[in-house]
Amino acid sequence: MIASPNKMSFQLSKSALVGTVLRLSMAALFAGGGTSAYAQTQLIPQQPTTNQSITGEPLTETPASPISSGGIQVDSLGGLDLDSIGTLSLGQGGFGYDMWRQSSLQDVFALITQMPVSYHSAVGNNLAKRLLLSSAGRPLDDKPLQSEQSLLSLRLEKLAELGAYTELDNLFQRIPTRSDSEQQARYRSDSLLMTGKNGDACQVIQGMSATGKDSYWTRGMVYCHFLQKQVDQALLGLDLLRETGDATDPLFEELALAASGANIKLSGKSAGRVEPIHWALAALSATQLPADLDDFLDPGVRRALISTESYPLDRRVYAAEVAVRSGALSPNALVDLYSRYAFEPAELDGVVGGQIKHEGPELRALFLQATQLQTVPAARAEIVKAALDQAETDGMGILMSRVVADLVAEIPHSADLTWFALPAGRILYLAGQYERANAWLLLARQYMLSEETAAANLTSLWPYARLSGMEGGERYGTLKGWASAQSGLGPEVLNQQLVMLRSCMQALGEETRLSWGELASMEIASPGLAPSAALLYALKDAQNGGRLAEVVLLSLIILGEQGPGNTHSLALGSVVEALYSVGLQTEARSLAIEATVLSGI
């Protein structure tokens, strides 16, 4: 038993303790506040509210209003198809209300269950969120789901696993609270905690504390009591977790003791992933999560740490680099953090050719700041080239390419920079700035007869131009010509890259003038695990049937958590072709270019 700060001691039986905690939780947290907003039967308005209660006081009721989602107008829960609710319409990045047309409900449910929640791909992350957030009619209800299954709940689960709590909170504002299952209520609570609506989260927690079976609700009540400065009740809840055998979360226990005022040093031990309840309790007690746990953060907690000023810069940068490399975060956040390092003017001036004493994130920050300060195009290009060379050595090439893309876009393509055409074009193709990238390719072509590096740069950029859909790009090279210029590659790597390029170009309708028979004669295996025949046939069937959302879903499963950089060429080509054929041409080309960069081309 833990003694409270006022030295009170409690000797209660297990059953008495449970009853005491529940009564205190119900009475103390919302004393005088009337009925919990969570327990009320109402529909939450479609538009997100700006009122964020962080005191735990019941919020003023917002009158129920009709929900408009993807063409559905309803005024009561009885007329609302919950599975159709989303935040993205067709004009907002969604895939359209008919996106599941002709898809089987049971098949869709089973496939979303298999859907990864990490992609190491900016394209993959984007497609996944859009799929889960789209307003859409239900798939064909050919075989109803089991009573405990719900397509909406599964979408909410995947969004939570992606750490997309802001998007999840916006979606919950369209979902009536009285439709929540216990698991759905937990996702609602987590999204509120991660968006700073702590009082609202406690309304959800209080509403579930008496009936919920998961120990999450007891931990939640501990947090809410601390939020209300009810330390004795919070410590009772902590004892309850121990009495019932649910105290298997050392991080939560240590954070709770810190919130009680105890002088405790966090051990860095955790029962698993660091979740929103840990983040909220740490913030409440003004305690920083141990650095030992930085590799075990929920993706949403990682984003919160990145934007929290009180955490050390090096930890925020590490978290941001992880998120940007995986394509889960815009590089702008990392650019801002890199800009906060302090360097001497001499260090910035000597970043090219001088002695550099920094390494890792500090070195990348030094290169970025030097690039930002340099206004002379040629000098900026030299710094970018040096930064990319160093980043490639450190295995951070794609990260640095994303970080410097906007700065490279400002460099004018001119005759004295033909040597820079390859890195500039490659960075800009990856960033989706095709017009600027094409300008560098055309610069290399213009000077290919007079500049030795220009011809090599033209050949190296040619695959990217073809994958981007550059008009007339077929005139500037061939796959055979590209392959003959790769003298530094071994035959196995060259064959792997050729197969990947041939697959993607064929998928995008680009003529290559290199037959599969010629490639097959090389008899060298393609990288990545052999693709699932069932998944590939299912993808082709969905493609032929024009089932857009099913194509996206199957593509995400085929790409898997390792993303396009580690996907078998046959599978990658099938995914690119399917996305392209159902109208997602931009995404298909971006994915092919992403794979090309990751392959080292």
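Above this text sits the structure in question.
Residues numbered from 1 in each chain as written. Predicted model: local features only at pLDDT ≥ 70, side-chain atom pairs only at ≥ 80, totals over all residues. Heavy atoms only, no water.

Caption draft 1: Quick peek at the overall build of the protein. Counting its secondary structure elements, the protein contains 28 helices and two strands. Burial status across the protein gives 54% buried among its 601 residues. Put simply, of all contacts in the protein between residues at least 6 apart along the chain, 67% involve residues at least 24 apart. Accessible surface computed for the protein: about 25,800 Å², of which carbon and sulfur atoms make up 50%. (Helix = DSSP H or I, 4+ residues; strand = E, 2+ residues; numbered from the N terminus. Buried < 20%, exposed > 50% of the residue type's maximum accessible area, 1.4 Å probe, protein only. Contact = heavy atoms within 4.5 Å. Areas by Shrake-Rupley, 256 points an atom, 1.4 Å probe, with all protein chains shown as cover.)

Caption draft 2: Structural detail: the pattern of salt bridges. Per the stated rule, a full pass over the model turns up 25 salt bridges. The closest approach of N and O atoms between arginine 188 and aspartate 180, which form a salt bridge, is 2.6 Å. The burial state of arginine 188 is the same as that of aspartate 180; both residues are buried. Of the charged contacts, one joins glutamate 410 and arginine 380 as a salt bridge, the two residues approaching to 2.8 Å between their closest N and O atoms. Placement of the pair is glutamate 410 in the loop between helix H18 (397-409) and helix H19 (421-430) and arginine 380 in helix H17 (residues 377-393), with a sequence separation of 30 residues. Judged by relative accessible area, which is 54%, glutamate 410 ranks as exposed. (Salt bridge = Lys/Arg side-chain N within 4 Å of Asp/Glu carboxyl O.)

Caption draft 3: Inspection of the side chain of threonine 195 at higher detail. Note on placement: threonine 195 falls in the loop between helix H6 (182-194) and helix H7 (198-209). A distance of 2.7 Å separates the side chain of threonine 195 from the backbone oxygen of serine 191, its partner in a polar contact. (Polar contact = N/O pair within 3.5 Å; in protein donor to acceptor, adjacent residues only side chain to side chain.)

Caption draft 4: Up close: a negative patch on the surface. Side chains of Asp314, Glu359, Glu362 and Asp394 sit close together on the surface and give a patch of like negative charge. Tracing the sequence through the fold places aspartate 314 in helix H13 (residues 313-325). (Patch = residues over 30% accessible without salt bridge, like charges linked within 9 Å, V, L, I, M, F, W, Y side chains within 5 Å. Lys, Arg positive; Asp, Glu negative; His and termini not counted. Charge placed at Lys NZ, Arg CZ, Asp CG, Glu CD.)

Caption draft 5: Inspection of the state of the cysteines at higher detail. Under the criterion given, the structure shown has one disulfide. There is a disulfide in this structure between cysteine 202 and cysteine 224, and the S-S distance comes to 2.1 Å. When the S-S torsion is -105°, as for the bridge of cysteine 202 with cysteine 224, the disulfide is left-handed. Of the two residues, cysteine 202 sits in helix H7 while cysteine 224 sits in helix H8 (residues 216-227), which places them 22 residues apart along the sequence. (Disulfide = S-S within 2.5 Å.)

Caption draft 6: How the structure looks around the nonpolar core. Among the nonpolar cores identified, the biggest contains 176 residues, and Leu131 and Leu289 are the most heavily contacted of them. In contact with leucine 131, not counting residues within four places along its chain, are Phe95, Met99, Trp100, Met115, Ala549, Val552, Leu553 and Leu556. (Core = buried A, V, L, I, M, F, W, Y, C linked by side-chain atoms within 4.5 Å.)

Caption draft 7: Geometry of the packing of aromatic side chains. Within this structure, the stated rule accounts for seven aromatic pairs. Note on tyrosine 341 and phenylalanine 343: the rings are 6.2 Å apart at their centroids and 25° apart in plane angle, and the pair reads as stacked. Both residues of the pair, tyrosine 341 and phenylalanine 343, belong to the buried class. Three or more aromatic residues joined by ring pairs make a cluster, and in this case those are Trp419, Phe420 and Trp440. (Phe/Tyr/Trp six-rings, centres within 6.5 Å; stacked < 30°, edge-to-face > 60°.)

Caption draft 8: Representation of the packing of helix H25 (residues 533-544) against helix H27 (residues 569-581) in the model. Contact geometry for H25 and H27: axes closest at 10 Å, N-to-C directions at 15°. Overall, the two elements H25 and H27 adopt an arrangement that is roughly parallel. Handedness of the H25/H27 crossing: left-handed. Residues Leu536, Leu539, Lys540 and Gln543 of H25 lie in contact with H27, whose contacting residues are Leu570, Ala571, Ser574, Val575, Glu577, Ala578 and Ser581. Its residues placed into classes, the contact of H25 with H27 shows six nonpolar, three polar and two charged. (Axes fitted to C-alpha atoms, helices over the stretch in contact; angles between N-to-C directions. Parallel < 35°, antiparallel > 145°, perpendicular 65-115°, else oblique. Left-handed = near helix turned anticlockwise from the far one by under 90°. Nonpolar A, V, L, I, M, F, W, Y, C, P; charged D, E, K, R; others polar.)

Caption draft 9: The arrangement of the packing of H8 against helix H9 (residues 231-243) in detail. One way to put it is that H8 packs onto H9 with a least axis distance of 8 Å and a crossing angle of 165°. Between H8 and H9, the interaxial angle falls into the category roughly antiparallel. Judged by the twist between their axes, the crossing of H8 over H9 is left-handed. Between H8, through Thr218, Arg219, Val222, His225 and Phe226, and H9, the contact on the second element is made entirely by Val231, Gln233, Ala234, Gly237, Leu238, Leu240 and Leu241.

Caption draft 10: Representation of unusual backbone geometry. Positive phi values are uncommon outside glycine, yet histidine 120 reaches one of about 50°. Within the secondary structure, histidine 120 is located in the loop between helix H2 (105-114) and helix H3 (122-133). Although it is not a glycine, alanine 286 adopts a positive phi angle of roughly 55°.

Caption draft 11: Representation of the environment of serine 326. Its place among the elements puts serine 326 in the loop between H13 and helix H14 (331-338). The class for serine 326 is buried, based on a relative accessible area of 13%. Considered as a pair, serine 326 and serine 118 are 208 residues apart in the sequence and their alpha carbons are 7.8 Å apart.

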